[in-house]
Each structure stands twice: as C-alpha cells, then as structure tokens.
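Architecture at a glance
What follows is the residue order along each chain.
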Amino acid sequence: MGADHRWWRVLASVVVLCGLGAVVAWQVNGALGLSMRVADVPVEHANPAPATALASLPAIGSILVPDDQRLRLAADAVADALVARGAPRPHVGPGPGPVLTTRVDATLTGESYRVDGLTVAAGTPAGAAAGLYAVADRIRSGAALPAGTVTPRLGLRLTDLGAVGLPDEPARYATGTDYSLNSDVVGSAILPDAPYVDRAAVDRIAGQYRELVRHALAQGYNAVVVPGFLEYVTFRGEGVYADGDPHLARAEAMVDAFAPVWRYAADLGMKVFMQTDMLALSPPLRDHLDRVAGMDTEDDRLWQVYRAGLRELFDRMPFVAGLMVRIGEGGAAYQLPGWDYSSEIAVTTPAAVRAMLRSFLSVAGQADKDVIFRTWSVGIGAVGDLHTSTAAYDEVLGDLHDDHLVVSTKYSAGDFYSHLPLNETLLHGTQRRIVEFQSRREFEDFGALPNDLGPLNQLALRTFLAENPNVQGVWSWAQGGGPLLAGPRTLLLRQGFWQLYDLNTYLTGRLAWDPDTDPSTATADWLRATFSYDPDTVATLGATMALSREAVTKGLYIGPYADLSVKALGLEPPPMMWIFEWDIVTGDSAVWDTIYVVSRDHLSTAIDEGAEAVADTRRMRDLVASTDAASWRDPALRKHFLDTLDYQVNLFELLSAYRTTMLRHAEWLDTGSAEAAQAWHTAASEYQRARADHLARYGDDRDLPAYNLTAADLGLSRAERDATMAWLARGLLVLLLLVFVFRRRLWARALWTASTRPWRLAGLRDTPTRADRLLVWVVPGAAVVLSRAIQTSFAAPAHLVLVLGAWLLFSLVLRLLTRDPFLLAAAIGGVALVRTALLLAALVLRGPGHYWYSFWTDPTARSVYVTVAFALFLAVFASTYVVLRTAYGLSRRRVIGRLLLAAGAAVTVLGGLVTVMGAEQALTVWNDQLALLPWGLHRILGITVYLGIPTNIPAIATAAGAVLVVAGAALGRTEGALRNAGR
C-alpha cells in the first residue's frame, strides 16, 4: 500500500506540474497567437498622360496688383513662371501692356477666384492671391489658364516646415544610423547660456522658412505647422519656474527671436499652427505637476498649468492660429540633445484625452483659435487603437463637440505604408477632420525613389469626402516623418534630389483644391515645370512615374504577407515587417517565420515579386535614359534621375536576393526539403554578391546611402549554423542517453535515479568516490552549458549568463547549506539532464532555426514544449524538496526555507544585474545576440515601449527575490529556535 500510495502521489505531482505548465502554455499562446485576415487594400490605377503640346504662352507685359504683400509675392510668382517659359520678365506694377490685373468681385468669398482673360477676379486678397498662384502654376507647367470660378474643395491645407532648420553638414549624415526622431527646427540656434539664441543661426532659419512659405503658397497651401510650444512659455503666475530660473529668460529670448520669423507666413495669409507632444515637460515643470496633481493626466489641476501656458503662447504670439497636439509618441528618441525640454507618453486614457482637449479648447475658444488633435496613438494605453477603431474614436471623442476642435488623422489604417486599407475612422465622427499625407515616404527609402502617390491620394480623398462631410482639409508632410538624419541627405529646396518627393506635395495640393483632378495630368504638369517642356520627354517621364508605385510596392514589400492584416506577438505588425524600420533590413526569426507561414501558399509570388520589381525599375531606367538630354532644362536633374534609378536597381537586386534567401531558409525549416536547402544556399550566395556590390557602391554615399544590413547579417549568420547545430544537438543527446543507459558508475546511477524516482536517492548505499562527487556536478553542468550554447548557435553569451547563472546560484546556495552534497547534486542534476534532453530533442531536427520556427508558428508544438519545459522547471524544486526530506532528514520548514533562500538568491542577483543595466539595455543585448525580434526595435522606440513591457519588472523581481531570501532565512532560524526550545 505504501508503494501504491507513493506512486499515487507521484502521479498527482506530475499532473499538478503539467497542469501548471499548461496554464503557462495557454498564456504564451495568447500572447503569441498568430492570426490573419485579408486586408481591403486600395487598388491604385496609374495611367500616364499622353504627349501633349504646350499651351500657348499668354503675352503679359506687366502685372498690376494692389499694394498688398501677399499679392505682390503672388505676382512675382507669375513673373517667375513666364521667365521659366522663356518669356521676358513682366514688370510688377504699372507698366506696359498687356496687363494682368486683379479686380474685386463681391460675389466671390474666401479663396474663390475667377480668371477672365488677363483679369483675376476675387472678393478677398486670399482669393486674388490664389488666382495669381494658379495662373503662375499653369504657365510654368505649360497648361491652359484656369477658366471659370474656382473654389477650393478643402479650405484648410497644411504643410510642414520642410527642411527648415535641418542640418545639411555631410558629417551629420555620415553614419547613416542616427535614428533620432527629434523634429525641433531651432536646434542650431540654441545656446546653452545667455543670450540663449544665436542670432546668425536664427537669420539662416528665417531665410529657409521664407523660401518654404513661398514654395508652399505657390503649391496651393494656406497653413503651416511649426514645432514648438514649451520653449516659448514661462507659465507665468503658476509658480512653475522660480525667480532667476534660466527657463524664464530662455523663453523670453525664444519669443523675441522666433516670433517674427514664424509671423512671416501669417503676414502672407497663411495660418500658423504650433505643434507639441503631450505631455511636454521640463524638469521644473515635471516637479510642479507632480506636486499639484501627482502627474495625473485626468486631473484638471494638471491641465490648469498647461492652460496657462497655452494662454501665454496665444498672448505672446497673437498671429498663431492654434495648437496641434500629439499624444501617441514621445520619450528620449524625440529629445533635442543638450536641451532639457522633453516629452512623455502619459495621456493614455479616454478621460485624460477629454480632460486635455476640454482644457485647451476653453483657451482656444476665448482666443478664437483652433486645437488640432492628432489621433495617432497606436498601442498607447486605453486609447491605443484610437487611430483606426471607430469604437475607440466614439469612446474618446464621440461626445466632444466644439467648433474650435479639428481632428487630424493619417489616411491609412496604420502608419504611412503601402498595402494598408484606408482609415475607416475618417468616414466617421462629427468633428472637423483633416487628412494626413506623407510626401517623403519614410518607410519607402525616405522619398529617395520615384514614388508617384497621386492616384492613391486621390482615391483616399474622394472616398473620405463621399462619406464624411466633415472632412475639411489635408496636412501634407513635405519632409517630415521618421528620423531626419538617417537615410539620404535630401532636404526640400536645399539638398539632393528632393524634387522626387516634392511631386507628392504638389499633387496633394492640387487634389485638395479639386479632388477630381486627373492625377496623371497633374503629374505631367509637374514634370513640365520641373524637368522639360518637350512633349515626348514629358510623356516618357510620365510613363516612368506610372511604373513607380508597382516597383516600390513589390520591391519593398512581400505582397502575400503585406496584403493581409496580421496579428502576432499580441501586436499588429506593419506590412513591411522585413524592413523594420526605414532602412533596417531585419534578420530575426519572429518576423521571417511569420512572413513565411503567412505567405507559404503563395511562396513563389512572394519571391518572384522581388525580381519583378527589379525588372520594373530597369524599364524605368531605360525610359529615362531614352530621353533626349538636350530636352532637359537642367542636365544635372537628368543625371540625378538616372543615378537614382541605378541605385534603385541595385537596392532591389539586393533585397530580392535577401528575401529569397530567408524565405527559402524558412521553407527548409518547415519541410526539410533538399530542394529548399539548395535554393536557400544558392540565394545566399547571390545575396553575398549583391551585398558586397551594394556596400561598395553606396556604403559611403550620403545622397543615395546603402541600407543598414547589420540585422540581416546577424540573422543570416544564425541561419547558416542551423544544420551544424542540429548535428551537435544530436551528438549531445546521444551522449546523455548513453549516460542513462550505461549506469555503471555511482554518479550516473544517482543522476538516473534522481531524474526518474528522486525519493529513492536515499536508498543509494554506495560510498561516492572523488570522481563520483566531481562528475555528478560536472556532467549536468556541462550538458546545460553545451545545450544552451547550441540553442543560441554559440552566439549569445548574454543568454548563457542568465540561464547558467540561475542554475549556478540556485545550486551553490544549496551546496553551501548542505552536508555531503552528493545526493543534492544528483537531485538537481538529474532534472537538469531531463530538461536538457527535452531542449536537445527540440533542436535535433533542424537546429535552433526550427526550434524558433515551431515556437513562433506552431501552437500545438509550442504548447507541448512549454507545458513540459515549465513542468520540468518546477520539478527541480520538487525533486530537491524530496531529496532534502528523505535523504537528509530535514523538516518541511527547513527544506522550504532553503529552497526559498536558493531561489531568492538567484532572482535577486540576476534581477539586480538587469536592474543595474536597465531593462531596455538588457533586452537589447539579449535580443541582438539571439536575433529573435527585430534588431531595430531598440533603435527606434525601444523594445519595452513597443511590446509594452514595464521597465520596473527587474526591480520588482529583485525585491521579490530579496523577500524570498529573507523568508527562507527566517524559516531556518525559526526551525533552529524551535529545536533549541525543545531541548
């Protein structure tokens, strides 16, 4: 009966341990669950405009406009356009005829105008200026002058600051890996001490700003967004800054220096919106908010402080039309180095968003200003899906109605990627809405490639306008978005081949005025104005641009994956996950295994699209090369275009070889097919050739820079070791089995007994030799070390430190507390060998690659493995408990105390190590060596931010470990005290 009862207890223990393991597996599956559905990706139709003769050039001898700065500037634009077409420059002011003039027509309001011959009729200066700019655009683009009454379909047309204030020194772009997201444009003018502002730098920024404003006006925009808020305010009367605090004098200096600069746009009729993240903070402001509201963003006392700041901003800069607010990004990556102004993601609940907006709107209403709220909040707290979910939109904004509130949203259901559905929240809501577009597509090589977005932007606008009458404007990002110092050194109006992405700003401006404008005709207008007036050259370039989207959407995306809405790791990864993000080609197993599984049924398509993109780009290159060089107004632009297409061919060849390599490797992991292995190795050789050529040609080129292949190389190096690691795993597993099969030595019998029947260890009567005492520790230890080294392809010492450190600390503490630790070593080592055997069994098929492939993509295999692995983890404690009780005769209290002490020591030491390093840094080191998650995560937002991992977990674990140590020690002392009392 005793034996039966013991086996019953063993069976119950196994059930309990496996049950706990199954619970963990269930949680892991919930976190990693992979699901997908077909996305409603908009279909773009790009058809080049046919060759068209130039419209006749109007004869204009002078341009007569009222004495108004904005009208004089618009008249200058007409004069410049005539000169560009080869005509004499007309006189602006009274002069010889024919005369282009303006007249007042009271029936026209706002920006409406009518062109009658050489007369622009309008009811306001804004309308007259708009008419003159339209005339200038049609002259410059060789098109007929506008006819009839023209009224803009969208009354609010914003642009960003372009390249104003951005550095252009080649050294700043030298590494190509500065992924800082700071967008301050005044950095070059900031001084650390009084007078706080470099006036010469301010003058340079002012000159760039004036040029940007003139360019934006000519493209039909009427508002500009300027980054800045906190650096211009003192929060007077709120007690934020003490008397003498340099923040006070700095804010005064900033207003004195930059208010006249930003006012220039307002003087020309443009609205100026300041832009900030919330929470915007300085150290004194943070301390003050903590005192008055505990940093609670739902507390009106916190927003009272910001109200005072906003009121002061409007008072000090009365020309400002309003404030644009973003809550979805912030942190160290956005901070200007050397400046103590920063931002923090803290407005993360619907109540907090409403409290913020109501607070700001109360100030805006009094000043007759607007608050533009950006819904970009992906993954951030309870409002994390505000950007794409109509339900979240209603929860946050549904009952918030204010004439001074404008809600700004990206056109796509995600970030500015292709292969994404249109954003359905823009079909929804009763608030005034504006649609965000990005011209310099940050995820599509930072606008360095031809990428005509006209048809896509038109489709988006027409869809939104048809369903939502509250859509009132657009915001075109002319340069902004993403890291401004990574990628090519292209600066709007200043440096590089910026004309390529300026096309999209031009097209968005045209479509905002008239969404029914034919995009191909507008592209042809831009081509004539930018490159050539030769009809054949323009038609050929139009055909080139019509191919551009197909080349980009195939060359930079893997279609069968990108056209699905995928959920993995509890997140919705973007459609270009294999380049994460910007120019970082990733090599991690989570991404590639997921892409392969999603694309498996269309693997040939996924691979072939890379070659098709190369072929499309070669066609584009041939088209541009076929144009007559003499027909281009500027030969340098033709060379720019050809150089860009040479770069694109080279880049797409590289990416095509790499995608083939990684997908064929994943196919081998999945199937073990010899054909897949051969295809993988062939593609890998081609990738190495393409890689060498790409880096040799573009590694030091800042205008057309090489892609960042660090992560790709890491992933490929791990993949190349898979077969070798599988053979090593097989060999080590055979050795372990031999240890258990041939149990002639005491140390081997002890390990076998401990791994199968730990309660019988006490029955081993043989006296261990010195060799037995050594090998009972060494064999399991060596097996753990070698198996984990194989699991990590001998490339992740950080993982070994954590795993081996835990085993070592746990064992060492128990060793120091136990007399004659031979049986203790067997108890720990026996389970360690079984756990190691499980790991090796998972590695023997096709190495670590297959191990992680199954982990990421096979729920059944993952569930079984995690269940058994966690059960064996718990079995270490169970086995040790049994042996300490039966072989050493310790009481339950003392055994539990020692186990708590040993486990607590391991958690305390390793948790403390990670705490000292910092959770983000520790995860980065670990991930960089294992290549499990995208290498770029840390370089962009941070692993902890992206995955929502609390950074205080290591500190909590350390404290918990310390509690276990104290509890264990207390149990031991209590046991001793009770025994002494019994004596």
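Residues numbered from 1 in each chain as written. Predicted model: local features only at pLDDT ≥ 70, side-chain atom pairs only at ≥ 80, totals over all residues. Heavy atoms only, no water.

Concerning the domain arrangement of the protein
Under the domain assignment, the protein is made up of domain 1 (9-35 + 721-976), domain 2 (36-47 + 551-708), domain 3 (62-141) and domain 4 (156-532). Each of domain 2 and domain 3 was reduced to a C-alpha centroid, and the two centroids are 47 Å apart. (Domains from an automatic or database assignment.)

Describing the UniProt feature "domain: Glycosyl hydrolase family 67 C-terminal" (unreviewed entry) in the protein
Under the UniProt annotation, "domain: Glycosyl hydrolase family 67 C-terminal" (unreviewed entry) lies at residues 502-554. Strand forms 0% of residues 502-554 and helix 83%; the C-alpha atoms that close the span are 22 Å apart. (UniProt positions renumbered as here; feature names shortened; annotations may be inferred. Helix = DSSP H or I, 4+ residues; strand = E, 2+ residues; numbered from the N terminus.)

Regarding the nonpolar core
Formed by 157 residues in total, the largest nonpolar core has its most connected members in Phe531, Leu556, Trp578, Phe641 and Phe652. Of all the elements, helix H17 (residues 635-671) adds the most residues to this core, at 16 residues. Core analysis: the second largest hydrophobic core is formed by 124 residues, Val65, Val185, Ala189 and Val407 among them. (Core = buried A, V, L, I, M, F, W, Y, C linked by side-chain atoms within 4.5 Å. Buried < 20%, exposed > 50% of the residue type's maximum accessible area, 1.4 Å probe, protein only.)

Some remarks on the sheet that holds strand S14 (residues 370-374)
Strand order in this closed barrel of 8 strands is S8-S9-S10-S12-S14-S15-S16-S17, and the pairing throughout is parallel. Strand-to-strand twist across the sheet, computed as the mean angle between neighbouring axes with direction ignored, equals 25°. Two elements, strand S16 (residues 432-438) and strand S17 (residues 471-477), share 6 bridges in a ladder whose sense is parallel. Along S17, the bridge assignment pairs glutamate 436 with tryptophan 475. (Pairing = 2+ DSSP bridges. Axes fitted to C-alpha atoms, helices over the stretch in contact; angles between N-to-C directions.)

Some details on unusual backbone geometry
In this structure, leucine 279 follows methionine 278 across a cis peptide bond, with omega equal to 10°. Residue placement: leucine 279 occurs in the loop between strand S10 (271-277) and strand S11 (280-281). Residue glutamate 581 is bonded to the preceding phenylalanine 580 through a cis peptide linkage, with omega at -20°. Looking at the secondary structure, you find glutamate 581 in the loop between strand S18 (564-567) and helix H15 (589-599). With phi around 75°, tyrosine 196 is a residue other than glycine that occupies positive phi space. Tracing the backbone shows tyrosine 196 in the loop between strand S8 (156-159) and helix H4 (199-218). Judged by relative accessible area, which is 12%, tyrosine 196 ranks as buried.

Quick word on the pattern of salt bridges
Counted according to the given criterion, the structure contains 41 salt bridges. With a shortest N-O distance of 2.9 Å, glutamate 436 and arginine 374 are connected by a salt bridge. On the criterion of sequence distance, the pair formed by glutamate 436 in strand S16 and arginine 374 in strand S14 is long-range, its members being 62 residues apart. A relative accessible area of 2% means that arginine 374 is categorised as buried. Note that lysine 554 is salt-bridged to glutamate 612, the shortest N-O span being 2.8 Å. With lysine 554 in helix H13 (residues 535-555) and glutamate 612 in helix H16 (residues 603-625), this residue pair connects regions lying 58 residues apart in the sequence. Classification of lysine 554 by relative accessible area gives buried; the value is 18%. Glutamate 612 sits in the partly exposed class, given a relative accessible area of 34%. (Salt bridge = Lys/Arg side-chain N within 4 Å of Asp/Glu carboxyl O.)

A word on the environment of leucine 461
Structurally, leucine 461 is set in helix H10 (residues 454-467). With relative accessibility at 1%, the residue leucine 461 sits in the buried group. In contact with leucine 461, other than residues within four places in its own chain, are Leu154, Val435, Phe437, Val474, Leu511 and Ala512. (Contact = heavy atoms within 4.5 Å.)

Brief notes about the UniProt feature "transmembrane region" (unreviewed entry) in the protein
Under the UniProt annotation, the feature "transmembrane region" (unreviewed entry) is placed at residues 724-742, 774-790, 796-817, 822-844, 864-884, 896-919 and 939-971. With 79% helix and 0% strand, residues 939-971 has end C-alpha atoms that lie 46 Å from one another.

Considering the pairing of strand S4 (residues 99-104)
As paired strands, strand S2 (residues 62-64) and S4 are joined by 3 bridges and run parallel to one another. Among the inter-strand pairings, serine 62 is bridged to a residue of S4, identified as valine 99.

Thoughts on the sheet that holds strand S3 (residues 91-92)
Here 6 strands make up an open sheet; going across it, the order is S3-S2-S4-S6-S5-S7 and the pairing mixed. The sheet terminates laterally at S3 and strand S7 (148-150), the two strands that pair on one side only. Pairing of strand S5 (residues 113-116) with strand S6 (residues 119-122) involves 4 bridges; the strand directions are antiparallel. The residue of S6 that forms the bridge with valine 115 is valine 120.

Section: a nonpolar patch on the surface
Nonpolar side chains collect at one region of the surface, where Val734, Leu735, Leu737, Leu738, Val741 and Phe742 lie side by side and expose about 570 Å² of accessible area between them. Structurally, valine 741 is set in helix H20 (residues 722-741). (Patch = residues over 30% accessible without salt bridge, like charges linked within 9 Å, V, L, I, M, F, W, Y side chains within 5 Å. Areas by Shrake-Rupley, 256 points an atom, 1.4 Å probe, with all protein chains shown as cover.)

As for the packing of H13 against H16
Between H13 and H16, the least distance of the axes is 9 Å, while the angle of their chain directions is 160°. The orientation of H13 relative to H16 falls into the category roughly antiparallel. At the point where H13 passes H16, the crossing takes the left-handed sense. Residues Thr540, Leu541, Ala543, Thr544, Leu547, Ser548, Glu550, Ala551, Lys554 and Gly555 of H13 lie in contact with H16, whose contacting residues are Glu609, Glu612, Ala613, Asp616, Thr617, Arg619, Met620, Leu623 and Val624. Looking at the contact of H13 with H16 residue by residue, the classes come out as 8 nonpolar, 5 polar and 6 charged. (Parallel < 35°, antiparallel > 145°, perpendicular 65-115°, else oblique. Left-handed = near helix turned anticlockwise from the far one by under 90°. Nonpolar A, V, L, I, M, F, W, Y, C, P; charged D, E, K, R; others polar.)

Topic: the side chain of glutamate 111
Residue placement: glutamate 111 occurs in the loop between S4 and S5. Judged by relative accessible area, which is 17%, glutamate 111 ranks as buried. Side-chain polar atoms of glutamate 111 contact the side chain of arginine 157, separated by 2.7 Å. The contacts of glutamate 111, once residues within four sequence positions are left out, are Ala126, Gly127, Ala130, Val150, Pro152, Gly155, Arg157, Asn222 and Trp513. (Polar contact = N/O pair within 3.5 Å; in protein donor to acceptor, adjacent residues only side chain to side chain.)

Details of helix H28 (residues 919-930)
Compared with the 16 Å implied by 1.5 Å per residue over 12 residues, the 16 Å span of H28 between its first and last C-alpha is a close match. Restricting attention to buried positions, one finds in H28 the residues Ala919, Glu920, Ala922, Thr924, Asn927, Asp928, Gln929 and Leu930. One or two positions beyond H28, positive phi appears at alanine 931, with a value near 55°. (Expected span 1.5 Å × (residues − 1).)

Some details on the side chain of aspartate 105
Along the chain, aspartate 105 turns up in the loop between S4 and S5. Residue aspartate 105 is classed as buried on the basis of its relative accessible area, which comes to 10%. A polar side-chain atom of aspartate 105 sits 2.7 Å from a polar atom in the side chain of arginine 114. Among all residues touching aspartate 105, those that are not within four sequence positions of it are Arg114, Ala121, Ala122 and Gly123.

Observations concerning the packing of H17 against helix H25 (residues 847-857)
Their axes nearest at 9 Å, the elements H17 and H25 cross at an angle of 80°. Of the possible angle classes, the one that applies to H17 and H25 is roughly perpendicular. Mapping the contact onto sequence places Ala666, Leu669 and Asp670 in H17 and Gly849, His850 and Tyr853 in H25. For the contact of H17 with H25, the per-class residue count stands at 3 nonpolar, 2 polar and 1 charged.

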